Each structure stands twice: as structure tokens, then as C-alpha cells.
Amino acid sequence: MDRVKDLASKSAAVIFTQSTCCMCHSIKALFYDLGASPAIHEVDHDEDMEWALRRLGCNPAFPAVFVGGKYIGSARDVISLHVDGSLKQKLIEARAIWF
């Protein structure tokens, strides 16, 4: 869990993904469309990382999205934040994007 927290705190926006996950791809594309350049950690063959994400409350484990070092959720959560307009504000506050 310390490794996840460490990686999540090193960038304003961090996404833990699996290369075969279509929702992971969609969330990455959303962040790029919003002007963010998130740190992407593909953990295809790292079962320890997956279990650490689950222990932190990430369920489903992928994508696991962190903004400003805080877990904001998986794909459904991120899309909900985007629809209500608060995702962009969170990215601005974390300095992942500037306006």
C-alpha cells in the first residue's frame, strides 16, 4: 500500500491501469481531452499492486484514479465527476491543468 500511496502522491493526476481494460483507455482519453497529462502506471502483471489498490478501497481495481494524491474512484466515479463538472475543478485545484 505504501508503494501505491507514494506513486499516487508524486504527480497531480495518477491513473493505475491494465493495458487490456477498455475503461482504463477511456479514462486516460478523458484526462488528455481535459488537458491533463496524468502519470500512467500499467500494472498488468503486478498482483501485489492490484491487491494494494483493493486494500485502499479501489473496487474495481482498474482504473484507479488519484488526483492531488487522493483516490477519487474508478471509471464510474470519474465519469460522474466529469458529468457534474467537478472533475475539471479537482484537476485545477491539484494543478493537473491550468486555466
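Structure's up top.
What you are looking at is a predicted structure, and each value in this text was computed from that prediction instead of being measured.

### Examining the pairing of strand β1 (residues 13–17)
The side chains of a regular strand alternate between both faces of the sheet.
Reasoning step 1: The buried count for β1 comes to 5 of 5 residues, which makes it a mostly enclosed element.
Reasoning step 2: Examined bridge by bridge, β1 and strand β2 (residues 39–42) share 4 bridges and lie parallel to one another. Within β2, the residue paired with F16 across the bridge is H41.
Reasoning step 3: Considered for its hand, the β-α-β crossover made up of β1, helix α2 (residues 22–33) and β2 is right-handed.

### What about the packing of helix α4 (residues 75–83) against helix α5 (residues 86–93)?
Reasoning step 1: The contact between α4 and α5 brings their axes to 5 Å, and the two run at 95 degrees. If you check the angle between α4 and α5, you find them roughly perpendicular. Each of V78, L81 and H82 in α4 lies in contact with α5, whose residues at this interface are S86, L87 and K90.
Reasoning step 2: Split into classes, the residues belonging to the contact of α4 with α5 amount to 3 nonpolar, 2 polar and 1 charged.

Rules of the game
- Counting starts from 1 at the beginning of each chain's written sequence and moves along it residue by residue.
- With the structure being a predicted model, the display of local features is reserved for residues of pLDDT at least 70 and the display and counting of side-chain atom pairs for 80 or more, all residues being used for whole-chain, interface and lining totals.
- Computation of side-chain values: all heavy atoms of the structure, hydrogens and water removed.
- Buried, partly exposed and exposed residues are distinguished by accessible area as a fraction of the type maximum, computed with a 1.4 Å probe on protein chains only: under 20%, between the cut-offs, and over 50%, respectively.
- The numbering of helices and of strands both runs from the N terminus, where a helix is a DSSP run of H or I of at least 4 residues and a strand a run of E of at least 2.
- Strand pairing follows a simple DSSP-based rule, namely that at least 2 bridges must link the two strands.
- A clockwise path from the first strand over the helix to the second, with the strands pointing away from the viewer, defines a right-handed crossover.
- The axes used here are C-alpha line fits, helices contributing only the stretch in contact, and every angle between their N-to-C directions lies in the interval 0 to 180 degrees.
- Between 65 and 115 degrees an angle is taken as roughly perpendicular, under 35 as roughly parallel, over 145 as roughly antiparallel, and anywhere else as oblique.
- We call two residues contacting when some pair of their heavy atoms lies within 4.5 Å.
- Amino acids are sorted into nonpolar (Ala, Val, Leu, Ile, Met, Phe, Trp, Tyr, Cys and Pro), charged (Asp, Glu, Lys and Arg) and polar (every other residue, Gly among them).

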